[in-house]
Structure formats: C-alpha cells, structure tokens
Amino acid sequence: MESHVPHVNEEENEDPGAAPYGNFINYYTFNPPENRLSLIPETLLENIGLGSERVSMLDVGCNSGDLSVALYKHLLHEEAPGSDFSKREVCLLGFDVDQDLILRAQNSNPFPQNIQFIPLDITDDAKSRAVLEPYLGRFGCPRFHLCTCFAVTMWVHLNHGDAAFLSLLSRLASLCEFLLLEAQPWKCYRSAARRLRKLGRSDFDHFKTLEIRGDMAAHAREHLEKQCSMDLVQSFGNTTWDRSLLLFKRR
C-alpha cells in the first residue's frame, strides 16, 4: 500500500493493473529514496525534540523497504564524520499490504535489530490495532514518536472511497506525535485510472464517485487540523514529482 503511483510520464512503462494498491514490484528503481530524502533534513529528529531519547518510528506502506532503511540511515547520520550512530536508538517498524514486498524487505534488511517489516493492512482497523498496540507497549508510550506515510493516501482513496481516505488520516493521527505525510495530487488519480482503462480493466471502484477531489494535500491538512488535533508545523517543499512533504504535530 505504498505511495506508488509514479509521475504521469514516468509511469508509462509500468503496469498499474499489476499493482492496484500501489504495490509496484520495482518502485524504487523509478522513484529512488533520494527523491524524498533530499527534502528531509538529517537533523529532523533533533529539530522536533527527539535527539537523544529512544525513538519509535512507523512507516506506513513501506513497499520493499528501501526508503525505510534509507530514511533510518539518513536520520541517524550514519555516514557523517564523528557520527554517534551506534549510541542512539531508533526503532522503525515498516508495513505494507503486499506480503511478497515485505518478504523482500525482510530479506534485505541490514538493521534487523532496529528495523522490522511486517505485512499489515492499515484499513483493517481491528487487526492493525492488535498488532501495533503491543509493539508500542515495548516503548511504554501510547503513540509512535514519528509516523511516515509516503504517497499511500491515493490508493486507499481509490480502492475504498472518501470515508476511508478520511479514516486513514484519522488513524494516522491517532498513531503518532509527529506525522510526515506525502499525499498524491489529483493528477495522479487521473493517471492511475487512465492506465487501468488502457489495460482493458475495470476502473477503480470509487474513482467516479469520489467527492473529495482537487488539492489533496489541502484536503488532508484540513482534516488533520480540524478533526484530528494536529497542526502543520513545516512543509519541506515538493519532490521532483511535485508532491509536497508535510510535517504535522499533535497538539
């Protein structure tokens, strides 16, 4: 359930019919981690007051784990001169709806002591709670310090409808103190639907009936601020695919 709808032009050679939930098998070959990491400061954890304590992170829709691992290294300054990488403890849990992608992530995980990958569907509220709450119990806190959700929202929206889109945002907000969100713009919805039709497949169940349209990042921000007790604290700008990275904080 990763944010895996490539840019309109970039996606031409992909088969979205094979990835109706964004679970593209080679996603990071055409949207490498650096496309996001170049916008995210290495000092993010320090900037939001998490520089020294034990930090718990959640990556929703992690695909094959490439970005999860790269972000982990990025935030811990692993390659920086004089780095205290080995002295800090950051634990990251990544999950995706696609079990094959999770198996790839598990098999290539260079930090198994601090990074875990599991198959999980964020739209299955009961099951996700049953899995995530015990994990959080290890940290003695009710929520993750930081949750990342890179371009997952569109897939939930297209496959489950308006209510599920808002429910996903509410669920994410309930899971964390800080949320780093990348929501696909509306042009990606049209692109995904068009490719499905070109393959002669049925359209996404909800595409034509969606009432939440237009500026998707603005819709997400409005819901998070008005309904979820979160505030936008920083925008890191737009990726090369013109997607904004927004950081929200729980009030």
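To be clear, the structure that these remarks concern was listed above.
First, a word on scope: everything that follows refers to the structure included in this document.

1. As for the overall build of the protein chain
Move 1: Across its full length, the protein chain holds 10 helices and seven strands.
Move 2: Of all intrachain contacts in the protein chain linking residues separated by at least 6 positions in sequence, the fraction that spans at least 24 positions is 74%.
Move 3: For the protein chain, the accessible surface area stands at approximately 10,800 Å², while carbon and sulfur atoms represent 46% of it.

2. Overview of the packing of helix 7 (residues 153-160) against helix 9 (residues 186-198)
Move 1: In contact at an axis separation of 11 Å, helix 7 and helix 9 are set at 55° when each is read in the N-to-C sense. It follows from the interaxial angle that helix 7 and helix 9 lie oblique. Between helix 7 and helix 9 lies a crossing whose hand is right-handed. Here Thr153, Met154, Trp155, His157 and Leu158 of helix 7 lie close against helix 9, whose contacting residues are Cys188, Tyr189 and Ala192.
Move 2: Residues belonging to the contact of helix 7 with helix 9 are distributed by class as follows: six nonpolar, two polar and no charged.

3. Considerations on the sheet that holds strand 3 (residues 115-119)
Move 1: The strand order across the open sheet formed by seven strands is 3-2-1-4-5-7-6, and the pairing between neighbours is mixed. At either end of the open sheet lies a strand with only one pairing partner, and these are strand 3 and strand 6 (230-238). With direction set aside, neighbouring strand axes in the sheet form an average angle of 20°.
Move 2: Sheet analysis places strand 4 (residues 144-150) next to strand 5 (residues 176-182), joined by six bridges and oriented parallel.

Cut-off values and rules
- Residues numbered from 1 in each chain as written.
- Predicted model: local features only at pLDDT ≥ 70, side-chain atom pairs only at ≥ 80, totals over all residues.
- Heavy atoms only, no water.
- Helix = DSSP H or I, 4+ residues; strand = E, 2+ residues; numbered from the N terminus.
- Contact = heavy atoms within 4.5 Å.
- Areas by Shrake-Rupley, 256 points an atom, 1.4 Å probe, with all protein chains shown as cover.
- Axes fitted to C-alpha atoms, helices over the stretch in contact; angles between N-to-C directions.
- Parallel < 35°, antiparallel > 145°, perpendicular 65-115°, else oblique.
- Left-handed = near helix turned anticlockwise from the far one by under 90°.
- Nonpolar A, V, L, I, M, F, W, Y, C, P; charged D, E, K, R; others polar.
- Pairing = 2+ DSSP bridges.

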